[in-house]
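Structural description and commentary
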Amino acid sequence: MKILILGAGRVGQSVAETLASEANDITIIDPDPERLRGLEERLELRGVAGNGVQPSVLRHAGADDCDLFIACADLDATNLVACKVAHDVFGIPTTIARLRLPDFRQDDRLLGPEGFAVSRVICPEASVTRTIQELIEHPEALQVLQFSQGRAHLVAARVARGSALDGRSIADFIAQVPEVPMRLVAVYRRDEETPCEADTRVLAGDEVFVLVAREHVQAALAAIGPREPPVRRVMIAGGGKVGLGVARSLIGQCEVKLIEKQRGRCRYLAGELPGDMLVLQGDAADEELLAAEHVGDMDLFISLTSDDEDNIMSAMLAKRMGARRVMALINRRAYAEMMQASPIDIIISPADAVIGELLAHVRRGAVAAVHSLRRGVAEALEGVAHGDARTSRLVGRRIEQLALPAGARVGAIVRGEGDAGQVLVPHHDTVIEEGDHVIIFVPHKRLLPQVEKLFQVRATFF
């Protein structure tokens with residue numbers, strides 16, 4: 001695709017890095033030529049210096065024949081106006097705006113064609129908040145991702161020693177828990193993918209990805225590892241938009257202590273949060289402060305400041321001082337990769353949290369949802385099967401007949417709409433029907449073109 005990105009900040013750079021790695025034609029606009037020069041040296045893209053709201057700048061960047069416009073500038077107003085210009089002046093069919101303010105909703109008339117012409121709104125802060133909420137609700141999980149409006153979940157978890165899965169083959173494990181219909185789609189051992197076949201033996205410490213219906217998530221996690229106590233005491237480092245959003249989501253659920261450096265921001269936070277949530281001014285990497293506030297009694301410590309180094313240090317310190325589980329927000333991909341084997345239990349990447357929302361517009365075929373996995377190496381993709389046995393590569397065919405690339409696996413099929421929808425765990429003889437939502441795990445992005453073709457309907461099919 002030919003993609004035009006406005007804004008080369010953290011979000012814009014992450015989006016450009018992901019999309020450029022897939023051989024898309026990427027142009028990025030930013031007022032800072034030095035920043036663009038660094039991106040051009042590192043990635044296969046073109047940089048255009050200027051104000052992306054100006055039609056002349058957009059035309060110079062190639063907006064006349066662009067497929068997708070993504071506005072990731074720092075200001076919401078800039079992104080909204082740029083989308084309007086891109087749509088109305090240049091006829092770009094799909095426009096995506098990064099908006100920080102919660103006032104705009106996807107179905108807002110202001111965002112429609114008669115308004116700012118925004119096809120899709122993304123908000124990294126809201127995406128990170130949702131990610132953290134899922135991990136708090138499922139403390140045994142490393143990652144929890146939703147498909148088909150939440151009816152199916154992809155869950156990543158670490159296999160515990162002595163669990164029902166430890167030392168057993170996948171087939172034996174599935175037979176041992178017949179009351180929990182689920183599909184193991186990936187196994188990673190020491191950060192390397194292991195073949196995921198029926199006779200694959202899973203060991204303690206392996207990271208597994210499981211597709212399961214929403215109502216069976218807890219039971220699936222309990223089979224993989226011991227049940228963790230619910231999260232009741234939380235300490236949050238950083239009172240920015242994400243920290244405040246997470247604190248608000250925990251009202252009435254948890255005891256919360258929030259640490260923020262800036263006195264003025266502390267006063268604002270204290271006014272926004274209920275009185276039983278404690279707002280503290282200080283440095284979350286201050287050992288004396290953490291000790292005084294009993295960080296060792298915390299079920300969860302979450303470091304959400306705007307500084308990666310501060311987040312890493314405070315999370316590692318909290319873990320050393322006895323916090324049961326720690327999470328850290330890390331923007332830089334290199335830092336996130338370095339911390340994979342560290343004492344930090346979960347690394348949260350804003351780019352990974354939001355990139356799936358963009359990839360759903362980039363993937364070809366009837367793709368409904370995409371989630372980026374393993375720091376962008378793998379993906380889980382949900383597509384809709386359209387057509388019939390003559391025009392579709394999916395409809396009317398058994399799972400064993402699908403032309404899946406080696407390593408790609410069908411993890412679940414969601415049949416039916418709304419509350420009547422049913423999550424099916426597919427077997428080799430399961431037949432795909434028209435309208436089915438098919439969720440496929442793809443271990444390497446180089447396999448995606450073959451998977452995308454499965455969801456494309458042709459006038460004639462050979």
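Residues numbered from 1 in each chain as written. Predicted model: local features only at pLDDT ≥ 70, side-chain atom pairs only at ≥ 80, totals over all residues. Heavy atoms only, no water.

1. A look at unusual backbone geometry
Put simply, the test is: Under the DSSP-based scheme used, a helix requires at least four consecutive residues in state H or I and a strand at least two consecutive residues in state E, with every element numbered from the N terminus. Working definition: with a 1.4 Å probe on protein chains only, accessible area under 20% of the residue-type maximum means buried, over 50% means exposed, and in between means partly exposed.
Of note, Ala117 is a non-glycine position whose phi angle comes to about 55°, a positive value. Relative to the assigned elements, Ala117 resides in the loop between β5 (94-98) and β6 (120-122). In this structure, His294 is a non-glycine residue whose phi angle is positive, near 60°. With respect to the secondary-structure elements, His294 resides in the loop between α10 (287-292) and β15 (300-303). Classification of His294 by relative accessible area gives partly exposed; the value is 47%.

2. Things to note about the sheet that holds strand β11 (residues 207-213)
Formally: Think of it this way: DSSP has to see at least two bridges between two strands before they count as a pair. Every axis in this analysis is a line fitted to C-alpha atoms, fitted for helices over the stretch in contact. Angles between the N-to-C directions lie between 0 and 180 degrees. Note on contacts: a residue pair is in contact if any heavy atoms of the two residues lie within 4.5 Å.
With respect to topology, five strands assemble into an open sheet ordered β7-β8-β11-β9-β10, the strand pairing being antiparallel. Because the sheet does not close on itself, it has two edges, and the strands there are β7 (141-147) and β10 (192-194). Neighbour-to-neighbour, the strand axes of the sheet open up by a mean angle of 25°, direction not taken into account. Across six bridges, the pairing between β7 and strand β8 (residues 152-158) is antiparallel. Its bridge partner lying in β8, Gln146 is registered against His153. Sheet strands in contact with helix α5 (residues 124-137) are β7 and β8, and its direction is about 120° off that of β7. Each of β7, β8, β9 (182-189) and β11 touches helix α7 (residues 217-224); the most contacted strand, β8, lies at about 20° to it.

3. As for the pairing of strand β1 (residues 2-6)
Put simply, the test is: Assignment of crossover handedness uses the view with strands pointing away from the viewer, where a clockwise path from the first strand over the helix to the second indicates a right-handed crossover.
When you tally the buried positions in β1, you get four out of five residues, the bulk of the element. Pairing geometry for β1 and strand β2 (residues 25-30), over five bridges, is parallel. Considered in β2, the bridge of Ile3 is made with Ile26. Regarding the hand of the β-α-β motif, the stretch spanning β1, helix α1 (residues 10-20) and β2 is right-handed.

4. Here we look at the packing of α5 against helix α13 (residues 350-362)
The condition is simple: Should an angle fall under 35 degrees it is taken as roughly parallel, and over 145 as roughly antiparallel, whereas 65 to 115 is taken as roughly perpendicular and any remaining angle as oblique. Residues are grouped as follows: Ala, Val, Leu, Ile, Met, Phe, Trp, Tyr, Cys and Pro are nonpolar; Asp, Glu, Lys and Arg are charged; every other residue, Gly included, is polar.
Interaxial distance between α5 and α13 falls to 8 Å at its minimum, and their mutual angle equals 105°. Accordingly, the angle class assigned to the pair α5 and α13 is roughly perpendicular. Only Pro350, Ala353, Val354 and Glu357 of α13 make contact with α5, whose side of the interface consists of Pro124, Ser127, Val128, Arg130 and Thr131. Taken together, the residues that form the contact of α5 with α13 break down as five nonpolar, two polar and two charged.

5. Comments concerning the pattern of salt bridges
Put simply, the rule reads: The rule for a salt bridge is simple: a side-chain nitrogen of Lys or Arg has to be within 4 Å of a carboxyl oxygen of Asp or Glu.
Applying the stated criterion across every chain yields a total of 26 salt bridges. Of the charged contacts, one joins Glu433 and Arg415 as a salt bridge, the two residues approaching to 3.4 Å between their closest N and O atoms. Of this pair, Glu433 sits in the loop between β21 (422-424) and β22 (437-442) while Arg415 sits in strand β20 (residues 409-415); the two residues are 18 residues apart in sequence, bridging distant segments of the chain. Glu433 sits in the partly exposed class, given a relative accessible area of 41%. Overlapping salt bridges bring together Arg158, Asp191, Glu207 and Arg374 as one network.

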